[in-house]
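Remarks on the overall topology
This is what each chain is made of:
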Amino acid sequence: MNFASDNTAPMAPKILEALSAANAGYALGYGNDDWTRQVEKRFAEIFEREVAVFLVPSGTAANALALAHVSPPWGVVLCHAQSHIMTDECGAVEFFGGGLKLVGLAGEGAKIAPQTLRQALAGYGGHSPHQMIPSAVSITQASEAGTIYRTDEIAGLAEIAHRGSDGRSLALHMDGARFANALVRLNASAADMSWRSGVDILSFGATKGGAMAAEAVIVFDPARAAYLGERRKRAGQLLSKHRFMAAQMLAFLERDYWLELARHANAKADRLARELTAVGIKPLWPVEANLVFAVLPRALDTKLRAAGATYYVRPSDGLDIGAGNVLVRMVTSFATNDDDVSRFADLCKEF
């Protein structure tokens, strides 16, 4: 009954096999290998256009390098107040961005509303050179609450960002650590959920989906990616034995394996939500990816943990969850099985 995170799952079998196969013989380092070329080609196919691809070993590295690339040190990146870059990356974006500033915005279900973004941008301008300059907007797909942006919502935010502030256009960045989970839920194309909706730069996640350590920064206008390779190297994020990261990503993408893994994770989240709802525990937010948030009595939380269940208790600031209750986050993965879901629900039912 491990629902702590999709990061706690093992590697997906086909990715582990690909990693072992890549260990045969010699290959050029630093991305000059056949696996990397194939990954670049596969991403171009998936996104239906030429893209610039930079593999990195962690989502934090992908987000930090992407945002540092589209924002100057005097720039402001507008994001949700509960976004991963704001709460769980130890200031990496600010560090790699040379002092750029993250500004967190409120929003139901960890999503930024158009009017909220407009109001935030209205607070800038007319005070140069004393004020920092809005330079990027970052959205998370799927969000930290497990909700997703529809393509028209992404396009709406992109229009506001590109219209900009004080005559300056802002880049739209997407943290896609769970890009696949959102994509299969929307049943959209990768192109439609990214560049066709106005996304300029994407942090594409594979680790939560089943890889060991493989993420990508994807720039949809290759000309805009100039010197991002040097930025990655200077940040210490260019692996010398690059083929092993590329082999993971290639196996993840081949024959739509990444979508198969995401569908499984989402299906188990759906089942968990249904079974909990059946025993009177309704998810706090719509279950749109592979995350389920619910309010549990502390006594039930204690019972579940004693029985071996693993999940995270989350801060409930601003939420009226009632005295004696806790807000918990449960995450499913490609490795989650029906027995664990049913056992967890049965314990709740007994309580």
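Preceding this paragraph is the structure being described.
Residues numbered from 1 in each chain as written. Predicted model: local features only at pLDDT ≥ 70, side-chain atom pairs only at ≥ 80, totals over all residues. Heavy atoms only, no water.

1. Remarks on the environment of Gln115
- Relative to the elements of secondary structure, Gln115 occurs in helix α6 (residues 114-122).
- The exposure class assigned to Gln115 is partly exposed, which follows from its relative accessible area of 43%.
- At 3.2 Å, the side chain of Gln115 and the side chain of Arg118 are in polar contact. (Helix = DSSP H or I, 4+ residues; strand = E, 2+ residues; numbered from the N terminus. Buried < 20%, exposed > 50% of the residue type's maximum accessible area, 1.4 Å probe, protein only. Polar contact = N/O pair within 3.5 Å; in protein donor to acceptor, adjacent residues only side chain to side chain.)

2. A look at the nonpolar core
- Counting 74 residues, the largest nonpolar core has Phe43, Phe47, Leu78, Phe179, Phe204, Met249 and Trp258 as its most contacted members.
- If one sorts the elements of this core by residue count, helix α10 (residues 243-253) sits on top with 9 residues.
- Residue contacts for Phe204: discarding those within four places in its chain leaves Phe43, Phe47, Gly176, Phe179, Glu215, Ala216, Ile218, Met249, Phe252, Leu253 and Trp258.
- Counting residues in hydrophobic clusters, the runner-up holds 25 residues, among them Ala62, Ala92, Val217 and Ala225. (Core = buried A, V, L, I, M, F, W, Y, C linked by side-chain atoms within 4.5 Å. Contact = heavy atoms within 4.5 Å.)

3. A few points about the sheet that holds strand β6 (residues 201-205)
- In spatial order, the strands read β1-β7-β6-β5-β4-β2-β3; together these 7 strands make up an open sheet with mixed pairing. At either end of the open sheet lies a strand with only one pairing partner, and these are β1 (52-56) and β3 (101-105). On average, each strand axis in the sheet is inclined to that of its neighbour by 20 degrees, with strand direction left out of account.
- Across 5 bridges, the pairing between strand β2 (residues 75-80) and β3 is parallel. In the sheet register, Cys79 faces β3, and the bridge partner there is Gly104. (Pairing = 2+ DSSP bridges. Axes fitted to C-alpha atoms, helices over the stretch in contact; angles between N-to-C directions.)

4. Some remarks on the pattern of salt bridges
- Evaluated as defined, the whole model comprises 16 salt bridges.
- In this structure, Arg42 and Glu45 form a salt bridge, with 3.3 Å as the shortest nitrogen-oxygen distance. With a gap of 3 residues between them, Arg42 and Glu45 both fall in helix α2 (residues 34-47), about one helical turn apart.
- On the accessibility criterion, Glu45 (44% relative accessible area) is partly exposed.
- Between Asp256 and Arg42 there is a salt bridge; the shortest N-O distance is 3.1 Å. Of this pair, Asp256 sits in the loop between α10 and α11 (257-278) while Arg42 sits in helix α2, placing them 214 residues apart in sequence.
- Asp256 sits in the partly exposed class, given a relative accessible area of 37%.
- Of the residues examined, Arg42 reaches a relative accessible area of 17% and is grouped as buried.
- Sharing partners across several salt bridges, the network here consists of Lys268, Arg271, Glu275 and Asp338. (Salt bridge = Lys/Arg side-chain N within 4 Å of Asp/Glu carboxyl O.)

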